[in-house]
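# Coordinates in review
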Amino acid sequence: MASGLHDSDFKNPVVRWIDQRMPVFTMMQKEYGSFPTPRNFNYFWNFGALAMVNLMIMIATGIWLAMHYTPHTSMAFDSVERIMRDVNFGWLLRYVHANGASMFFIVVYIHIWRGMYYGSYKAPRELLWILGVVIFLLMMATAFMGYVLPWGQMSFWGATVITNLFSAFPVVGNWIVSLLWGGFSVDNPTLNRFFSLHYLLPFVIVGVVFLHVVALHITGSNNPLGIEPKSPKDTLPFHPYYTAKDSFGLVIYFIVFAVLVFFAPNYLGHPDNYIPADPLVTPPHIVPEWYFLPYYAILRAVPNKLGGVLLMFGSILVWFILPWLDRSPVRSMRFRPVARIAFLLWTVAFLVLLYCGGQPPEEPFVTISRVATAYYFAYFLVILPLLGRLERPLPLPESISRAVLGGGGQVPAGAAAKPMEKA
Amino acid sequence: MFGKPMFRTTLKAFAVLGALVAATPTPARAAGEVIHIPDTRFSFEGVFGTYDRASAQRGFQVYKEVCASCHSMRLMSYRNLVDLGLTEQQVAAIASQVQVQDGPNDEGQMFERAGRPSDRFRSPFPNMQAARAANNGAAPPDLSVIAKARAGGADYLYALLTGYSDPPAGVTLAEGMSYNAYFPGHQIAMARPLNPDQVEFADGTPATMENMARDVATFLQWAAEPELEERRSMGVKVILFLTILAGLAYAVKRKVWADAH
Amino acid sequence: MAESGAATASEGTPRRDFLNLVTASFAAVGVGAIAWPFINSMQPARDVLAMASTDVELAPIAEGQAVTVMWRGKPVFVRHRTAAEITAAREVPLSQLPDPQPDQARVQKDGWLIVVGICTHLGCVPLGQKPTDARGDYGGWFCPCHGSHYDTSGRIRKGPAPRNLEVPQYTFTSDTKIRIG
């Protein structure tokens, strides 16, 4: 260090020369090579890496699509169909991008679900969790604006309905709506700004993902047991163990992705979006993209406009305070017999909402939506806080290595009493 | 610990399937009624299905001689017909039968000229308003991507074209409307478009209503998804490749993890 | 998985190396295959390739006059040459030309010279179409960007341009009409 150069361990002269001046190789080695990672990850821990790859795919295909797309109300629809027909491999780029959005939400929903099930949001990972929720909100905004760009009927009416949500707010509501529109209705100025923001936001997501990863590498990963690694025996170097495991998961993910793109590219879309936008005719049955259906169901479950909007936004904003709602010292639901059932029911409620959001707003779906919405919020605001005090968790294993490698995970009686020590 | 991985895999599958099933497009609904669209066998169904070129060419003939008097296909160009198995000369001949507007010329005037393969299909009406005015207020939809724009796709188109009948007892039709079993609401502004022997197929196929409907549905499916065959054949190769890669990646993963257990 | 550890320990390393090599090769092929659609999508699309012909009416162009028409987004020079210009183009010995090509090989009808109006140096549009333009030392065209002089056959005579002005593919659809492309 005397010369001001970084003390590099690399032998290759070129690598070493760069590393001494800018230790990116040392950093990569530390964060992705030798990085100590709990040895007991299951395949749920693939989904963070999958989301990262998915984001890269979306950005790459998006940049290439933007080379051919025209953000003008009179040309947007035709320019998308021109991509499908005339641009070399244009259909592939567009279908990868459109289905990539669905894949992204599938991957991220599983990633979030895993975080909730294994208590990854708990101390010391609260900020990591909050950054994740920020990423999810940015994703939703990006996906919504991207869906507007083909300027089909669902694009137009989706944009109209969602932007009108803001009119529910007293005093400033209409001002916000016209700010979003840039006119008296969803029109060319709206399309132009949505295109601009749809291009921008993914790069903001990249920035927050970077922070998400920085926070992760400070606290280290959670794991299925929810107990911190206590000794080197509890961890493995990230490479080659988890690079190999993530690579396998990635290929499986690509297979699912490929089935969608090549054999069912419009399965998750809506046929009405192949009808050019018509401001005079609302389709009889408008629905958002499938990944927004749970929130749409919550919106429609409330008979009051402002109440519905607040509950809809609240359904995600409540995730921000999840680390403080759940005060149980045990992270993993494996050791929380009651909370585990409550959470699986919450999962069912979420899927029920997803289903109801795609149905017309009539009985019995309205009542079902209301029950599911009530449980959705009760889980966060009532059940988790209560269980944190009342629930008696199962005995925790003494250490990760003991649970995984030998002794069948049986724990000395004394250790069971003090769950989740801070390692 | 046995049973846990199984439980987890099941949960995961449950989550993914739940999301997919819930997102399944719901059948066409009209005033709360679910209309069941019968399944028609088409050559392009299934993983290895391809377009029946002869059928699609006949379908183009039906479109040209029947549908095109009201319905535009503004995203299609005559050159696209080469992909349907027509020769360059045939396409040029078809294109030259229509007059298209071009210009302005050096005097600043718009002028008509014979069509070329690079021209878009000529639209029957100059704009939406004219189309609406000429059709009792119901503008005939553009058919370029109609097979993608209707739930049920080609099945729906076939059902609609063959679904005309007299209204059942108790149903009164509005002025100028026809009864169709498969149209949402059952009242359709388009009069029965296909009648037996309306066209004469050069290959001797009898021009029954079913044949014409099937042919035109095939043609419209091709028009909406001209990439379908290339897409599926590429998909088969990609998935084969990925399956082998998955096997290799799993083997590598097992070798790497062999000393960690 | 645990039971295979000891059994394969002796031959484990070479097998893993071979396996890694095969897997990495497969993955590399996959990444290469992914790159191709992106690159190829930037080539001209099918509608662009199809719109590649332009009709020009020759009758209104008097001898000595020239018109510029648009073809594939580029200017095409159509010049109705005078007898003197034709003679000048044909009298030059090929040995004096940087890019030797007889005038007869560059025209279909002697009076009509049709060339792409893009200087072969760096893509500027040469002067010489309007009567008031500078036509350079050889009576054809003069590129003001870097001083290339073209003669009445559109051939490079002086300056940095390496090649003659390109002759596009065209056909006479009638005596007074051509189709370029």
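Counting from 1, residues in each chain are numbered in the order their sequence is written. As they are written, the chains are lettered A onward and the ligands numbered 1 onward, keeping that order. The predicted nature of this model means local features are confined to residues of pLDDT at least 70 and side-chain atom pairs, given and counted, to a pLDDT of 80 or more, with totals for whole chains, interfaces and linings taken over all residues. Values shown for side chains rest on all heavy atoms present in the structure; no hydrogens or waters enter the calculation.

## Considering the overall build of chain C
Counting from the N terminus, the helices are DSSP H or I runs at least four residues long and the strands are E runs at least two residues long. Looking only at helices and strands, one finds four helices and nine strands in chain C. Counting from the amino terminus, chain C carries its helices and strands in the arrangement α-α-α-β-β-β-α-β-β-β-β-β-β. Throughout, radius of gyration means the C-alpha value; the globule benchmark is 2.2 Å times the number of residues raised to the power 0.38. Here the C-alpha radius of gyration of chain C, 28 Å, is well above what a compact globule of 181 residues would show, namely 16 Å. Based on the C-alpha atoms only, the size of chain C along its principal axes is roughly 95 × 35 × 25 Å. Type-normalised accessible area, obtained with a 1.4 Å probe on protein chains alone, sets the label of each residue: buried when under 20%, exposed when over 50%, and partly exposed for intermediate values. Out of the 181 residues in chain C, the part that is buried amounts to 37%. Working rule for contacts: check all heavy atoms of both residues, and any pair within 4.5 Å makes them a contact. Of the contacts made within chain C by residues no fewer than 6 positions apart, 53% connect residues no fewer than 24 positions apart. Carbon and sulfur atoms make up 59% of the accessible area of chain C, which totals about 9600 Å². Counted as positive: Lys and Arg. Counted as negative: Asp and Glu, with His and the chain ends omitted from the count. To locate a charge, take atom NZ for lysine, CZ for arginine, CG for aspartate or CD for glutamate. Distance between charge centres in chain C, computed from 18 positive and 17 negative side chains, equals 2 Å. Exposure was quantified through the Shrake-Rupley algorithm and a 1.4 Å probe, taking into account, for residues, occlusion by the shown protein chains and nothing else.

## Brief notes about the side chain of R85(A)
With respect to the helices and strands, the residue R85(A) is situated in helix α4 (residues 76-85). Pairs of N or O atoms within 3.5 Å make up the polar contacts considered here, provided that, within protein, one atom can donate a hydrogen while the other can accept it, and that residues adjacent in sequence are counted only when both atoms are side-chain atoms. One polar contact links the side chain of R85(A) to the main-chain carbonyl oxygen of S144(B), over a distance of 3.5 Å. With near-sequence residues (within four places) excluded, R85(A) lies in contact with L75(B), M76(B), S144(B), V145(B), A223(B), A224(B), P226(B) and R46(C).

## With respect to empty space enclosed by the protein
All names here are of chain A. Here a cavity means grid points, on a 1 Å grid over the protein atoms only, where a 1.4 Å probe fits yet cannot get out; a pocket means an open set of points with protein on both sides within 12 Å along at least five of seven lines; lining residues are those with an atom within 4 Å of a point. Grid points are joined across faces, edges and corners, and a volume is the space filled by probe spheres set on the points. Here the structure, examined in full by the defined rule, presents three cavities of 30 Å³ or more. Of the voids in this model, the second largest cavity is the one considered here, and its volume is about 70 Å³. Around the second largest cavity, the lining residues are A297, R300, A301, C356, Q359, P360, P361, F365, V366 and S369. Of all elements in the fold, only α11 (293-301) and α15 (365-390) reach the threshold of two or more residues within the lining of the second largest cavity.

## Focus: the pairing of strand β9 (residues 177-180) of chain C
Residue and element names in this part refer to chain C. Of the two faces of β9, the one holding I178 and I180 is buried and the one holding K177 and R179 is not buried anywhere. By definition, two strands form a pair when at least two bridges between them are found by DSSP. The pairing of strand β1 (residues 54-57) with β9 spans four bridges and is classified as antiparallel. By the bridge assignment, E57 is partnered in β9 with K177. Pairing of strand β8 (residues 170-174) with β9 involves four bridges; the strand directions are antiparallel. Counted as the bridge partner of S174 is K177 from β9. Linking β8 to β9, which pair antiparallel, is a turn of two residues.

## Considering the interface of chain A and chain B
Tallying the contact residues gives 60 residues for chain A and 54 residues for chain B. The term buried area refers to how much accessible surface (probe radius 1.4 Å) is lost by two components on association, counted for both of them together. Here chain A packs against chain B, burying approximately 5000 Å² in sum over the two surfaces, 70% of which is carbon and sulfur. Every case where a carboxyl oxygen of Asp or Glu lies within 4 Å of a side-chain nitrogen of Lys or Arg is listed as a salt bridge. Counting every contact that joins chain A to chain B gives three salt bridges. Among the salt bridges present, the one from E81(A) reaches K148(B), with a minimum N-O distance of 3.1 Å.

## Observations concerning the state of the cysteines
Residues and elements named next belong to chain B. In plain terms, two cysteine sulfur atoms within 2.5 Å form what is called a disulfide here. Using the criterion set out here, one finds one disulfide over all chains in the structure. Residue C67 stays outside any disulfide, its sulfur separated by 9.1 Å from that of C70, the closest cysteine. We classify C67 as buried; its relative accessible area is 14%.

## A closer look at the sheet that holds β9(C)
All names here are of chain C. Pairing within the open sheet is antiparallel, and its three strands lie in the order β1-β9-β8. Only two strands of the sheet have a single partner each, and these edge strands are β1 and β8. Pairwise comparison of adjacent strand axes, ignoring direction, gives a mean angle of 30° for this sheet. Only the stretch in contact is used when a helix axis is fitted, and all axes are lines through C-alpha atoms; the angle between N-to-C directions ranges over 0 to 180 degrees.

## Description of the domain arrangement of chain C
Per the annotation, domain bounds derive from an automatic or database assignment of domains. When its domains are assigned, chain C resolves into domain 1 (1-43) and domain 2 (49-180). A separation of 57 Å is found between the C-alpha centroids of domain 1 of chain C and domain 2 of chain C.

## Thoughts on helix α14 (residues 337-357) of chain A
A helix's residues, less one, multiplied by 1.5 Å, set its expected span. Relative to the 30 Å expected for 21 residues at 1.5 Å per residue, α14(A) spans 30 Å between its end C-alpha atoms, a close match to the ideal helical length. By the burial criterion, the buried members of α14(A) are A339(A), A342(A), F343(A), W346(A), T347(A), A349(A), F350(A), L351(A), L353(A), L354(A), C356(A) and G357(A).

## Brief notes about the packing of aromatic side chains
Pairing of aromatic rings covers Phe, Tyr and Trp, the last counted by its six-membered ring, and requires centre-to-centre distances within 6.5 Å; plane angles under 30 degrees mean stacked, over 60 mean edge-to-face, and any other angle means tilted. Inspection of every chain in the model, using the stated rule, returns 62 aromatic pairs over all chains. Consider the rings of Y241(A) and W257(B), whose centres lie 5.4 Å apart with planes at 80°: the pair is edge-to-face. Here the residue Y241(A) occupies a position in helix α10 (residues 238-263), and W257(B) occupies one in helix α8 (residues 228-257), the pair thus bridging two chains. A single burial state applies to Y241(A) and to W257(B), both of which are buried. Arranged with centres 5.5 Å apart and planes meeting at 75°, the rings of W290(A) and Y291(A) form a pair that is edge-to-face. Should the NZ of a Lys or the CZ of an Arg lie within 6 Å of a ring centre and within 35 degrees of the ring normal, that charge is described as sitting over the ring. Positioned above the aromatic ring of F201(B) is the side chain of R58(B), whose terminal nitrogen or guanidinium carbon lies 5.8 Å from the ring centre. One residue, R214(B), lies across the ring of F42(B), its end atom 5.8 Å from the ring centre.

## Considerations on the environment of T142(A)
All names here are of chain A. Its location among the elements puts T142 in helix α6 (residues 126-148). For T142, a relative accessible area of 8% translates into the label buried. In contact with T142, not counting residues within four places along its chain, are H198, L201, P202 and I205.

## Thoughts on the UniProt feature "domain: Rieske" (unreviewed entry) in chain C
Per the UniProt record, the feature "domain: Rieske" (unreviewed entry) sits at residues 83-179 of chain C. Its end C-alpha atoms 24 Å apart, residues 83-179 of chain C is made of 9% helix and 26% strand. UniProt positions are given in the numbering used here, feature names are shortened, and annotations may be inferred rather than shown by experiment.

## Describing the environment of F380(A)
Residue and element names in this part refer to chain A. Among the secondary structure elements, F380 is positioned in helix α15. Sequence separation between F380 and E362 is 18 residues; the distance between their C-alpha atoms is 27 Å. Leaving out residues up to four positions away in the same chain, F380 has contacts with M116, V318, W319, L322, L325, W346 and P385.

## Considering the sheet that holds strand β6 (residues 148-151) of chain C
Residues and elements named next belong to chain C. Taking strand neighbours across the sheet as the criterion, the three strands line up as β5-β6-β7 in an open arrangement whose pairing is antiparallel. If you trace the sheet from one side to the other, it starts and ends with β5 (139-143) and β7 (156-158), each paired once. The average undirected angle you get between the axes of adjacent strands in this sheet is 35°. For β6 and β7, the ladder comprises two bridges, and the chain directions are antiparallel. Paired with H149 across the two strands is K158, which belongs to β7.

## Side note on the packing of α10(A) against α8(B)
For the pair α10(A) and α8(B), the least separation of the axes is 9 Å and the interaxial angle reads 165°. Taken together, α10(A) and α8(B) sit at an angle that is classed as roughly antiparallel. In this structure, α10(A) meets α8(B) at a crossing whose hand is left-handed. Under the scheme applied here, ten amino acids are nonpolar (Ala, Val, Leu, Ile, Met, Phe, Trp, Tyr, Cys and Pro), four are charged (Asp, Glu, Lys and Arg), and all others, including Gly, are polar. Of the residues contributing to the contact of α10(A) with α8(B), the split by class is 25 nonpolar, two polar and four charged. For classification, angles of less than 35 degrees are called roughly parallel, those exceeding 145 degrees roughly antiparallel, those between 65 and 115 degrees roughly perpendicular, and all remaining angles oblique. The crossing is said to be left-handed when, going from far helix to near helix, the turn is anticlockwise and less than a right angle, and right-handed when the turn is clockwise.

## Considerations on unusual backbone geometry
Omega for the peptide link from A123(A) to P124(A) comes to 5°, which places this bond in the cis form. On the secondary structure map, P124(A) appears in the loop between α5 (90-117) and α6. Cis geometry marks the peptide bond from E363(A) to P364(A), where omega comes out at 5°. Within the fold, P364(A) resides in the loop between α14 and α15. Residue N136(B) is not a glycine yet carries a positive backbone phi of 55°. On the secondary structure map, N136(B) appears in the loop between α4 (128-134) and α5 (146-149). Here N136(B) falls in the exposed class, since its relative accessible area comes to 77%. Phi angles above zero are rare outside glycine, and D197(B) is one such case at about 65°.

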